[in-house]
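What follows is each chain in one-letter form.
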Amino acid sequence: KVGERGLNQLAVRYADYFTNDEGRKTFGYKVNAFYMQAYDWEAENYNPTQDSEHDATNPGGYDKVNVYGDEVLDNGNDDYNSANSLGNPVGKGTGLGAFYRTGYREKDLVDYNTDNLKLNTTLSYRFSDSVQLDYSFNFSTGSTVYQGDNRYRLDNIRFWQNHLELKQKGKFFIRLYSTNEDAGDTYDIVTTAFRLNEADKPEGEWYNRYESNWRRSRYSQVEALPGYVAFDPNVHESKETWYQNFYLPFVEANRDEITKIHGETRDIIDNFRYAPGTSSFDSTFKDITSRLFTENDGSRFYDKSALYHFQGEYKFKPQFGIITVGTSSRLYAPDSRGTILNDTGDVVIRNLEAGIYAGIDKRWKADRMILNVTTRLDKNQNFNLLASPATSFIYKHRPNHVFRTSFSAAIRNPTLADQYLLYDVGRATLLGNLNGFDSLIEIQSLRDAYEVERDLTKLNYYNVDPIRPEQARTFEIGYKGNIANESIFIDAGYYYTTYKDFIGYNIGVQASFDPIGGPPQGAEVYRVAANATSDVTTQGVSVGINYFFKKYNLGGNYSWNVLNKQGTDDPIIPAFNTPEHKFNISFSGTRIQTSIPLLRGLNFKNLVSLIKRDKTTRQKLEFDKYKGENFGFGINYKWIQGFIFEGSPQFTGIVPTYDLLDAQINYEVPKWDMTFKLGGSNILGIMPLFDANGENSQRSILNNLNYQVYGGPFVGRMVYFSAQHNLVFKKDK
């Protein structure tokens, strides 16, 4: 497979088996190999982040989505952003306002080349026609850009898995597997930008130098611009009146010139900054990304984690039904050396969870009525034993009309990150929460406390309880069937789920305050894994309809999903990250008959004559038609409504509504056992594109750009061509 953006892909599969003297298949094996390389789309969203207090019109800059290091971390940047801090000769901050540190674009910090190698082998031995032992080994390695709580360059990351399973179809299985990983040279892109800035000069020093330079000379350049009126207590009613009626209109009228003066100041302060493309940048960048988070301000991860899983199941088949019993357990063995989890120093994290389950499947009236009842008990070493019963009922009114309903209870244990995370992403420290968190300050209340003058009575403190398992209760009904002489297939369903202890997170500040006055001391922002204190419900509908006629299929599906958080005072951030509405419309055809004219008796001599349009030669040649059912095609249109994507503070914002069109044609050559395919994804958009700030932006009609993850790149068109060749070797008896 080859395509745009340097896409090259190769996949090979080989499988074979051996028989015993009786001709029974006893041993089989298969080997799969896959390799892909391409150049990923670059993340170039330079709109303000949702948390940026200023937009692109601010002369002193703003916090951009895919520029890192321009965030305001520990030090203030708006000392001259109110009436009380301005005016010559006291303030000397005319025109300074709020200013942001120079950051680094993501494209200067990452290699967007992507590659992936996957290897898989499976060995199978049959003890009998029904009992089989399988061993599989899977290995994968590669490099790419990935978005989680931050943006990461996964560099030479590796995964491997050993899987052993003994099974008898329809009766039992015993399954064991282990999964291991190695982060390789993976590093945090955002943190790398912070480290580069700090290597130049500490954040506080950068702000102080910028402010000092402005107070020495830049303010006078601003005051020399047309329309400036200095504050005069004998003329103006108050300084606030002067600020609102004279100063702010003056700044607006001279915004371009003030921005230029800010740029000149920035150039001076950043004179010795590590600039992309220089040898000093390259050496410092390599040094930072080669050192661990815990090694003198590096940005590389260490992760050699593993998990070990066991599962067994057995089916009993008495006359009244089928009884299934089973058990499973899993041991997590993370090893991040403090770069991701709180396994710092001599701390070793091991997390064990196990469960047992049993169920009965009862059928009546030739399987027209099916009742299934199950229950499961689960225990994680850090949480209480929890039960999750479930029941479902299926009624086949006719073979082509099936109704279903179910009620189920389920639990979701907090992940390792929910329990043990300790990760500084720059603007916040992300924490797991096994022990709770006391006295977290609501961010908005902290802003309110300093909005006009310091008023600590406005601070809102709250505690976060230790994380608990999430429990869900779901009711579902559905229908599946064919109508109109079985030419129309319908699959529809509705679900309603209530959650107890829904898992999300809280964001707040921990700080101390001087009783005399001044700003907060040692302020740290934390994102703490937490449970909702009130009920959370979700509900949704999915409807799929397919119309089959001749060799064609016209289909569509629609889904509606919504989350409701009951308590308005609950600080939980659910991170639902799901569009409320989305739909697909598709049209495809398979094994369509084609006729290709073939010339009989064609040779080089009369080919030349044919090219010269010799009528006599054309009359001598006869045409045959090759007919075959070898042609196929597919067209699929997708529409996704915009939604709020909630991640880390840097990457929380609106993903605007987008759409995309995929299409492909394919042709089979049975004689060669080959299939050729020409296609393209995201080749056309029907609706106008909106950028991440909700504004209209330009695009090419045949290169539809869409923004699917806040903080990620705009993804465009991918045209590809693929060829698949199947070789089947017949075995001698």
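Residues numbered from 1 in each chain as written. Predicted model: local features only at pLDDT ≥ 70, side-chain atom pairs only at ≥ 80, totals over all residues. Heavy atoms only, no water.

Student: Just give me the short version of the overall build of the chain, but keep the residues and values in it.
Tutor: Secondary structure summary: the chain contains 9 helices and 36 strands in total. With the C-alpha coordinates of the chain rotated into their principal frame, the extents come out at 105 × 85 × 50 Å. Going through the 733 residues of the chain one by one, you find that 41% of them count as buried. In the chain, once contacts between residues fewer than 6 apart in sequence are set aside, the share between residues at least 24 apart is 65%. (Helix = DSSP H or I, 4+ residues; strand = E, 2+ residues; numbered from the N terminus. Buried < 20%, exposed > 50% of the residue type's maximum accessible area, 1.4 Å probe, protein only. Contact = heavy atoms within 4.5 Å.)

Student: Tell me about the pattern of salt bridges, and name the residues and values.
Tutor: Here the idea is simple: oppositely charged side chains can pair when their charged atoms come close. Per the stated rule, a full pass over the model turns up 25 salt bridges. Measuring nitrogen to oxygen at the nearest pair gives 3.2 Å for the salt bridge that ties Arg 175 to Glu 165. Of this pair, Arg 175 sits in strand S9 (residues 172–182) while Glu 165 sits in strand S8 (residues 151–168), placing them 10 residues apart in sequence. Residue Arg 175 is classed as partly exposed on the basis of its relative accessible area, which comes to 22%. Connected through salt bridges with shared partners, the residues Glu 42, Glu 44 and Lys 107 form a single ionic network. (Salt bridge = Lys/Arg side-chain N within 4 Å of Asp/Glu carboxyl O.)

Student: Give me the lowdown on the pairing of strand S21 (residues 461–464), citing residues and values where you can.
Tutor: Burial along S21 is one-sided: the face carrying Tyr 462 and Val 464 is buried and the face carrying Tyr 461 and Asn 463 is not. With 3 bridges joining them, strand S20 (residues 437–442) and S21 adopt antiparallel strand pairing. Looking at the pairing, Leu 440 lines up with Tyr 462 of S21. (Pairing = 2+ DSSP bridges.)

Student: How would you summarise the packing of helix H2 (residues 203–223) against helix H4 (residues 255–269) if you had to cite specific residues and measurements?
Tutor: With their axes 10 Å apart at the nearest point, H2 and H4 run at an angle of 140° to one another. Our classification of the angle between H2 and H4 gives oblique. The way H2 lies across H4 gives a crossing that is right-handed. Here Trp 206, Arg 209, Tyr 210, Asn 213, Trp 214, Arg 218, Gln 221 and Val 222 of H2 lie close against H4, whose contacting residues are Ile 258, Ile 261, His 262, Glu 264, Thr 265, Arg 266, Ile 268 and Ile 269. Among the residues forming the contact of H2 with H4, the class breakdown is 8 nonpolar, 4 polar and 4 charged. (Axes fitted to C-alpha atoms, helices over the stretch in contact; angles between N-to-C directions. Parallel < 35°, antiparallel > 145°, perpendicular 65-115°, else oblique. Left-handed = near helix turned anticlockwise from the far one by under 90°. Nonpolar A, V, L, I, M, F, W, Y, C, P; charged D, E, K, R; others polar.)

Student: Requested: an account of the sheet that holds strand S18 (residues 422–424), with residues and values cited.
Tutor: Pairing within the open sheet is mixed, and its 6 strands lie in the order S18-S19-S25-S24-S20-S21. The strands lining the two open edges of the sheet, one partner per strand, are S18 and S21. Averaged over all adjacent pairs, the angle separating strand axes in this sheet is 40°, with direction ignored. As judged from the 2 bridges shared by S20 and strand S24 (residues 503–512), these two strands associate in the antiparallel manner. Bridge pairing links Ile 441 to Val 509 in S24.

Student: An account of the packing of aromatic side chains is needed here, citing residue identities and associated values.
Tutor: Per the counting criterion, the structure on display carries 42 aromatic pairs. The interplanar angle of 10° and the centroid separation of 4.5 Å between the aromatic rings of Phe 99 and Tyr 210 together place this pair among those described as stacked. Linking Phe 99 in the loop between strand S4 (67–68) and strand S5 (104–105) with Tyr 210 in helix H2, this pair joins segments that are 111 residues apart in sequence. Pair check on accessibility: Phe 99 and Tyr 210 agree, each one buried. For the pair Tyr 104 and Phe 281, a centre-to-centre distance of 5.9 Å together with 35° between the ring planes defines the contact as tilted. Pair noted here: Tyr 104 is in strand S5 and Phe 281 is in helix H5 (residues 279–290), with a separation of 177 residues, a long-range link. (Phe/Tyr/Trp six-rings, centres within 6.5 Å; stacked < 30°, edge-to-face > 60°.)

Student: Could you give an account of the layout of surface pockets, with specific residues and numbers?
Tutor: Taken as a whole, the second largest pocket holds about 1,300 Å³ of empty space. Forming the boundary of the second largest pocket are 44 residues, of which Tyr 146, Asp 149, Ile 340, Ala 417 and Leu 421 lie nearest the centre. In terms of residue count, the dominant contributor to the lining of the second largest pocket is S8 (4 residues). Counted by class, the lining of the second largest pocket contains 26 nonpolar, 10 polar and 8 charged residues. (1 Å grid on protein atoms, 1.4 Å probe; cavity = no way out; pocket = protein on both sides within 12 Å on 5 of 7 lines; lining within 4 Å. Points joined across faces, edges and corners; volume = space filled by probe spheres on them.)

Student: Give me the lowdown on the nonpolar core, citing residues and values where you can.
Tutor: Side chains that are nonpolar tend, in soluble globular proteins, to be buried together. If you look at the biggest cluster of nonpolar residues, it comprises 21 residues, and the most contacted ones within it are Tyr 210, Trp 214 and Val 222. Looking at this core, the elements that each hand over two or more residues are H2, helix H3 (239–253) and H4. Per-element accounting of this core gives the leading share, 6 residues, to H2. When neighbours within four sequence positions are excluded, Val 222 is seen to be in contact with Thr 94, Gly 95, Trp 214, Phe 250, Ile 258 and Ile 261. (Core = buried A, V, L, I, M, F, W, Y, C linked by side-chain atoms within 4.5 Å.)

Student: Summarise helix H1 (residues 189–200); cite the residues concerned and give the values.
Tutor: Along an α-helix, residues three or four apart share an orientation, since each turn contains 3.6 residues. Its 12 residues place the ends of H1 17 Å apart at the C-alpha level, agreeing with the 16 Å of an ideal helix rising 1.5 Å per residue. For H1, the tally of buried residues reaches 9 of 12 residues, placing the bulk of the element in the interior. Within H1, the full set of buried residues consists of Ile 189, Val 190, Thr 191, Thr 192, Ala 193, Phe 194, Leu 196, Asn 197 and Asp 200. (Expected span 1.5 Å × (residues − 1).)

Student: Can you lay out unusual backbone geometry for me, pointing to particular residues and giving the numbers?
Tutor: Although it is not a glycine, Arg 5 sits at a positive phi angle of roughly 60°. Tracing the backbone through its elements, the reader meets Arg 5 in the loop between strand S1 (2–3) and strand S2 (7–19). With relative accessibility at 28%, the residue Arg 5 sits in the partly exposed group. The phi dihedral of Asp 367 falls on the positive side, at around 65°, and the residue is not glycine. In this fold, Asp 367 is placed in the loop between strand S13 (351–364) and strand S14 (369–380).

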